[in-house]
Amino acid sequence: MIDLHSHTTASDGQHSPTGLLALAASAGVKALAVTDHDTVEGLAEAAEAARAHGVELVAGIELSAFVNKREVHILGHFVRPDFPELAAYASRLRVEREQRMVLMVERMRTLGFPIRMEDVRALAGGAQLGRPHLARVLVERGWCLDVKEAFDRFLGAGKAAWVERFKLDGAEAIQLVHRAGGTATLAHPGSSKIERYDILQLARAGLDGLEALHSDHNPSVQQRYVKYAKEFDLVPTGGSDFHGEQVTPGRRPGDSPTPPENFARLRARATSQSTHAS
């Protein structure tokens, strides 16, 4: 199995890179992309664990960006973790995420929930702060049944504790990934309610893949995005988007795998990107 979408404690995942690779190997995953949000900090540990378990690691990242005022997530695959621009971007986002979380915690306190930044930091354990960390605090305190309810009630876009974030243009995200030698894939388009025109615009900006086979996509949604992938010459990919049992219940590594022939196509595009970047 080839899983091109997963997260660790370097961003908002439940398991360390070592723990994630152990879970993936036990599930029969042969190639795993670690795609933490806006950071590559977990990739060194993941690479060591991947070697120990005989799993191919695909070095990745998930960038939050915008197209037509709609938030999109761009998966970078086969990136160079030591690429200076990626490190600079991650540093900028770490500061921005910290500032944003301070404001979100303040809004939750205004709503009557006595949460402290120390609570969120303790749960994050040094990772880049994200809304799932605050959501898990709400769940642990018994104020929400699960992470989904926390987002639906408080943390989703436009909800009571929502705070706008730094907006990276989708085309800029794609170019950043390309400069790092990787391929750029639009993550979970169905879950993000991405329309055909949005995909066309990103394809014109150099998008390489479309995550049609996501865990949240039912068969009809998968078919629609596979069709768009063919129309715009994008590689249809798949991934579990596994964050851990506490964060994304019901998912496991290897869910919604990428077909081997599509993985080969994506790798070929990465080789082409590296050639152009050198």
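Chains are numbered independently. Their residues run from 1 in the order of the written sequence. In keeping with the model being predicted, local features are shown solely for residues with a pLDDT of at least 70 and side-chain atom pairs are shown and tallied solely at 80 or more, while totals for entire chains, interfaces and linings include all residues. Calculated side-chain values reflect all of the structure's heavy atoms, with hydrogen atoms and water omitted.

## Let's talk about the sheet that holds strand β3 (residues 56-67)
For the record, the criterion: A pair of strands is labelled paired if DSSP reports no fewer than 2 bridges between them. Working definition: helices are DSSP H or I runs of at least four residues, strands are E runs of at least two. Numbering for both runs from the N terminus. A contact between two residues is defined here by any heavy atoms of the two lying within 4.5 Å. Axes here mean lines fitted to C-alpha atoms, for a helix over just the part in contact, with angles spanning 0 to 180 degrees between N-to-C directions.
Taken in spatial order, the 7 strands make up an open sheet running β1-β2-β3-β4-β5-β6-β7, and their pairing is mixed. The sheet is open, and its two edges are formed by β1 (2-3) and β7 (235-239), each paired on a single side. Bridging between β1 and strand β2 (residues 31-34) involves 2 bridges; their strand directions are parallel. Residue pairing in the sheet places D3 in a bridge with L32 of β2. Helix α2 (residues 43-53) contacts β2 and β3 of the sheet and is inclined by roughly 150° relative to β3.

## Side note on the packing of aromatic side chains
The line we're drawing: The rule is short: rings of Phe, Tyr and Trp, with Trp giving its six-membered ring, pair when the centres are within 6.5 Å, and they are stacked under 30 degrees, edge-to-face over 60, tilted in between. Exposure classes here rest on a 1.4 Å probe applied to the protein chains alone. A residue is buried below 20% of its type maximum, exposed above 50%, and partly exposed in between.
Inspection of every chain in the model, using the stated rule, returns 4 aromatic pairs. For the pair F78 and F263, a centre-to-centre distance of 5.9 Å together with 25° between the ring planes defines the contact as stacked. Placement of F78 in the loop between β4 (70-77) and α3 (84-110) and of F263 in helix α10 (residues 260-277) is noted, with a sequence separation of 185 residues between them. The pair formed by F78 and F263 is uniform in burial state, with each residue classed as buried.

## Quick word on the UniProt feature "domain: Polymerase/histidinol phosphatase N-terminal" (unreviewed entry) in the protein chain
For the record, the criterion: UniProt positions are given in the numbering used here, feature names are shortened, and annotations may be inferred rather than shown by experiment.
With numbering matched to this structure, UniProt assigns "domain: Polymerase/histidinol phosphatase N-terminal" (unreviewed entry) to residues 2-67. Overall, residues 2-67 shows 32% helix and 27% strand. The separation of its end C-alpha atoms is 28 Å.

## Observations regarding the packing of helix α5 (residues 131-140) against helix α6 (residues 147-155)
Rules: Roughly parallel covers angles under 35 degrees, roughly antiparallel covers those over 145, roughly perpendicular covers 65 to 115, and oblique covers all other angles. Under the scheme applied, nonpolar residues are Ala, Val, Leu, Ile, Met, Phe, Trp, Tyr, Cys and Pro; charged residues are Asp, Glu, Lys and Arg; polar residues are all the others, including Gly.
Following both chains from N to C, one finds α5 and α6 inclined at 105°, their axes separated by 9 Å at the closest point. The orientation of α5 relative to α6 falls into the category roughly perpendicular. Contacts between α5 and α6 pair R131, P132, L134, A135, R136, L138 and V139 from the former with V147, A150, F151, F154 and L155 from the latter. Split by residue class, the contact of α5 with α6 holds 10 nonpolar, no polar and 2 charged.

## What about the pairing of strand β5 (residues 183-186)?
Just so we agree on the cut-off: Handedness rule for crossovers: strands pointing away from the viewer, path from the first strand over the helix to the second running clockwise, crossover right-handed.
Because side chains alternate across β5, one face comprises the buried residues T183 and T185, and the other comprises A184 and L186, equally buried. Here 4 bridges tie β4 to β5, and the two strands are oriented antiparallel to one another. Residue pairing across strands places I74 opposite L186, the latter belonging to β5. Looking at chain direction, β5 and strand β6 (residues 209-214) are connected through 2 bridges and run parallel. Bridging across to β6, T185 finds its partner in G209. In terms of handedness, the path from β5 via helix α8 (residues 196-204) over to β6 forms a crossover that is right-handed.

## What to know about the environment of G206
Summarising the element assignment, G206 is placed in the loop between α8 and β6. For G206 and T110, which are 96 residues apart along the polypeptide, the C-alpha to C-alpha distance reads 43 Å. Sequence-distant contacts of G206, defined by excluding residues within four places in its chain, comprise I174 and H178.

## Description of the pattern of salt bridges
To keep things clear, this is the line we draw: In the sections that follow, a salt bridge refers to a side-chain nitrogen of Lys or Arg positioned within 4 Å of a carboxyl oxygen of Asp or Glu.
Under the defined criterion, the tally for this structure stands at 15 salt bridges. Here R153 ties to E149 by a salt bridge, and the two come within 3.1 Å at their closest N and O atoms. Note that R153 and E149 are positioned in helix α6 at a spacing of 4 residues, about one turn of the helix. Its relative accessible area of 39% is what places R153 among the partly exposed residues. We classify E149 as partly exposed; its relative accessible area is 21%. Through salt bridges with shared partners, one network takes in R116, D119 and R141.

## Some thoughts on α3
Stated formally: One less than the residue count of a helix, multiplied by 1.5 Å, gives the span that helix is expected to have.
Compared with an ideal rise of 1.5 Å per residue, which puts 27 residues at 39 Å, α3 spans 40 Å between its outermost C-alpha atoms and is within 8% of the ideal. Where α3 is buried, its residues meet β3, α4 (117-124), α5, α6 and α7 (170-179).

## Overview of the environment of R116
Looking at where R116 falls in the secondary structure, it is placed in the loop between α3 and α4. Judged by its relative accessible area of 46%, R116 is partly exposed. When the C-alpha atoms of R116 and L213 are compared, they prove to be 38 Å apart, with 97 residues separating the residues in sequence. Not counting the four nearest positions on each side in its chain, R116 is found in contact with V105 and R109.

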